[in-house]
Amino acid sequence: MSEQLDRFSNCMCTDTRVGRVAFPVVDPYLLKALAECGDYCHGEMMVQERLVRPGSVVLDVGANIGLMSLHLSRLVGEAGTVHAFEPSPFAFGLLRHNLEANGVRNVLPRRAAVSEHSGRTEFADPDPEKISRFNFGVLSLDSRISGSGGRNVETEVVTVDSLDLEYCAFIKVDVEGFEAAVVRGAARTIERCLPVLSLEIGDPQHDGTWLPFLRGLGYRIFGVSTFIFTAPNFKGRAIEGFPMVVCVNAFALPPGMSHMELLDGIPREEFPGEAELQAFNSRYRRGNLQA
């Protein structure tokens, strides 16, 4: 069941695999995936199910409207905690709404960007009442609004290390090319806690210098590509004729964690170095990727 949502401009609410979710109808990927299928990158979520344990402390960096936060909330359970970071004021509002609407208490949302240095910046805030089509997932620290389509909002920037976490088991990072900056700002946490990392890849223009740092700590890193639209899906919708849009991620497993056991049956490619990562990325056109 789907319905228009009065609380947010140009949004609707629908039942999905991760709960009842509000999303902007001007975002073509979310509209088609959630309203018609009730799923978004279910394949990526299935990989997370193998890597995240109950009771874990995890980070969702670039949480957008909260789909992955809701999923991670279920995986960590009541004894676990999800720290969710989203700098977009509009997306953050939907993130908070979706957590509240589903009675989630183990996710701590924070409107902030995550990078290698703490401070302040401006972040783009598109106005869905003034735009007819916009992929909110492509917003990054480089994005700025010009004209009447929105505004640029002063925004806090934090580092993972500044959180002073005693324990961290999993870090998901989807920040449109700034993944390396997030890793640099998380270096001490990663060295101390050795969490599993999920980093968005798929663009050869993105900075891949996070890879040699993780390899130096003994991590093994694997590229995994999954479709946004999948069958079977939550709403039982056939997907013939749907666009072949993919989400592409690198999963970094710390020393001592068996990829043969955890990733068994999942098509993947290992990246010994940046050259292999770039070769993998070069297969994808940015227009075909998840934001």
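Residues numbered from 1 in each chain as written. Predicted model: local features only at pLDDT ≥ 70, side-chain atom pairs only at ≥ 80, totals over all residues. Heavy atoms only, no water.

**Examining the overall build of the chain**
Put simply, the test is: Numbering of helices and strands runs from the N terminus, with a helix taken as a DSSP run of H or I at least four residues long and a strand as a DSSP run of E at least two residues long. Any two residues whose heavy atoms approach within 4.5 Å at even a single point are treated as in contact. The method behind every accessible area is Shrake-Rupley, applied with a 1.4 Å probe, and residues are considered shielded solely by the protein chains displayed.
When its secondary structure is counted, the chain shows 9 helices and 14 strands. Sequence separation of at least 24 residues holds for 72% of the intrachain contacts in the chain that already meet a minimum separation of 6. With the model as given, the accessible surface of the chain reaches about 12,300 Å², and the carbon-plus-sulfur share is 50%.

**Focus: the state of the cysteines**
Under the convention used in this document: The term disulfide is used for any two cysteine sulfur atoms that are within 2.5 Å.
Throughout the structure, instances matching the rule amount to 1 disulfide. Bridging Cys41 to Cys247, the disulfide has an S-S length of 2.4 Å. Remark: Cys247 occurs in strand β13 (residues 246-253) and Cys41 occurs in the loop between α1 (28-37) and α2 (42-51); sequence separation between them is 206 residues. Not engaged in a disulfide, the cysteine Cys13 finds its nearest cysteine sulfur in Cys11; these two sulfurs lie 9.6 Å apart.

**Here's the deal with α1**
Definition in use: Each residue is assigned to one of three classes by its accessible area relative to the maximum for its type, calculated with a 1.4 Å probe on protein chains only: buried under 20%, partly exposed between the two thresholds, exposed over 50%. For this analysis, a polar contact is any N or O atom pair within 3.5 Å, provided that within protein one partner can donate a hydrogen and the other can accept it, and provided that sequence-adjacent residues contribute only side-chain to side-chain pairs.
For α1, the full list of buried residues reads Pro28, Tyr29, Leu30, Ala33, Leu34 and Cys37. With a side-chain oxygen positioned 3.1 Å from the backbone nitrogen of Tyr29, the residue opening α1 is Asp27. Once α1 ends, the next one or two residues include Gly38, with phi positive near 70 degrees.

**Quick notes on the packing of aromatic side chains**
Rules: Aromatic rings from Phe, Tyr and Trp, taking only the six-membered ring of Trp, are treated as a pair when their centres fall within 6.5 Å; an angle between ring planes under 30 degrees marks them as stacked, one over 60 as edge-to-face, and anything in between as tilted. When the NZ atom of lysine or the CZ atom of arginine is within 6 Å of a ring's centre and also within 35 degrees of its normal, the charge is said to sit over that ring.
One pass over the full model with this rule turns up 5 aromatic pairs. Both rings, one in Phe134 and one in Phe136, keep their centres 5.1 Å apart while their planes meet at 80 degrees; by these two values the pair is edge-to-face. Looking at Phe134, the relative accessible area reads 21%, which means it is partly exposed. Grouping aromatic residues by their ring pairs yields a cluster made of Phe90, Phe134 and Phe136. Above the ring of Phe242, the side-chain terminus of Lys32 is found at 4.5 Å from the ring centroid. Sitting over the face of the ring of Phe222, Arg268 holds its NZ or CZ atom 5.9 Å from the ring centroid.

**What about the packing of α2 against helix α3 (residues 67-76)?**
Test applied: With axes taken as lines fitted to C-alpha atoms, and helix axes fitted only over the stretch in contact, angles between N-to-C directions fall between 0 and 180 degrees. Any angle from 65 to 115 degrees is called roughly perpendicular, while one under 35 is roughly parallel, one over 145 is roughly antiparallel, and all others are oblique. A clockwise turn of the near helix away from the far one marks a right-handed crossing, whereas an anticlockwise turn of less than a right angle marks a left-handed crossing.
Between α2 and α3, whose axes approach to 11 Å, the crossing angle comes to 30 degrees. When the interaxial angle is binned, α2 and α3 end up roughly parallel. For the crossing formed where α2 meets α3, the hand is right-handed. Contacts between α2 and α3 involve Glu44, Met45, Gln48 and Glu49 from the first element and Leu67, Met68, His71, Leu72 and Leu75 from the second.

**Considerations on the sheet that holds strand β6 (residues 107-110)**
What holds strands together in a sheet is hydrogen bonding between their backbones, with the strands either parallel or antiparallel. We apply this condition: Two strands pair if DSSP finds at least two bridges between them.
The strand order across the open sheet built from 8 strands is β6-β5-β4-β10-β11-β13-β12-β14, with neighbouring strands paired in mixed fashion. At either end of the open sheet lies a strand with only one pairing partner, and these are β6 and β14 (269-270). In the sheet, strand β4 (residues 57-61) pairs with strand β5 (residues 81-85) via 5 bridges, with the strands oriented parallel. Pairing of Leu59 across the sheet is with His83, part of β5. α2 contacts β10 (170-173), β11 (196-200), β12 (220-227) and β13 of the sheet and is inclined by roughly 15 degrees relative to β13. Sheet contacts for helix α4 (residues 89-101): β5 and β6; angle to β6, the most-contacted strand, approximately 160 degrees.

**A look at the nonpolar core**
The test is simple: Put simply, buried Ala, Val, Leu, Ile, Met, Phe, Trp, Tyr and Cys residues joined by side-chain atoms within 4.5 Å make one nonpolar core.
If you look at the biggest cluster of nonpolar residues, it comprises 60 residues, and the most contacted ones within it are Leu34, Tyr40, Leu51, Ile65 and Leu67. If one sorts the elements of this core by residue count, α3 sits on top with 6 residues. Sequence-distant contacts of Leu67, defined by excluding residues within four places in its chain, comprise Val18, Val21, Leu30, Leu34, Tyr40 and Met45. Counting residues in hydrophobic clusters, the runner-up holds 34 residues, among them Ile171, Cys193, Leu197 and Val248.

**Some thoughts on the sheet that holds strand β7 (residues 113-114)**
Strand order in the open sheet formed by 3 strands is β7-β9-β8, and the pairing between neighbours is mixed. On the outer flanks of this sheet lie β7 and β8 (119-126), each paired with one strand and no other. Examined bridge by bridge, β8 and strand β9 (residues 150-158) share 8 bridges and lie antiparallel to one another. If you follow Glu122 over to β9, its bridge partner there is Glu154.

**Let's talk about the side chain of Asp125**
Relative to the assigned elements, Asp125 resides in strand β8. Classification of Asp125 as buried rests on a relative accessible area of 8%. Sequence-distant contacts of Asp125, that is, excluding residues within four places in its chain, are made with Pro89, Phe90, Ile145, Gly150, Arg151 and Val153.

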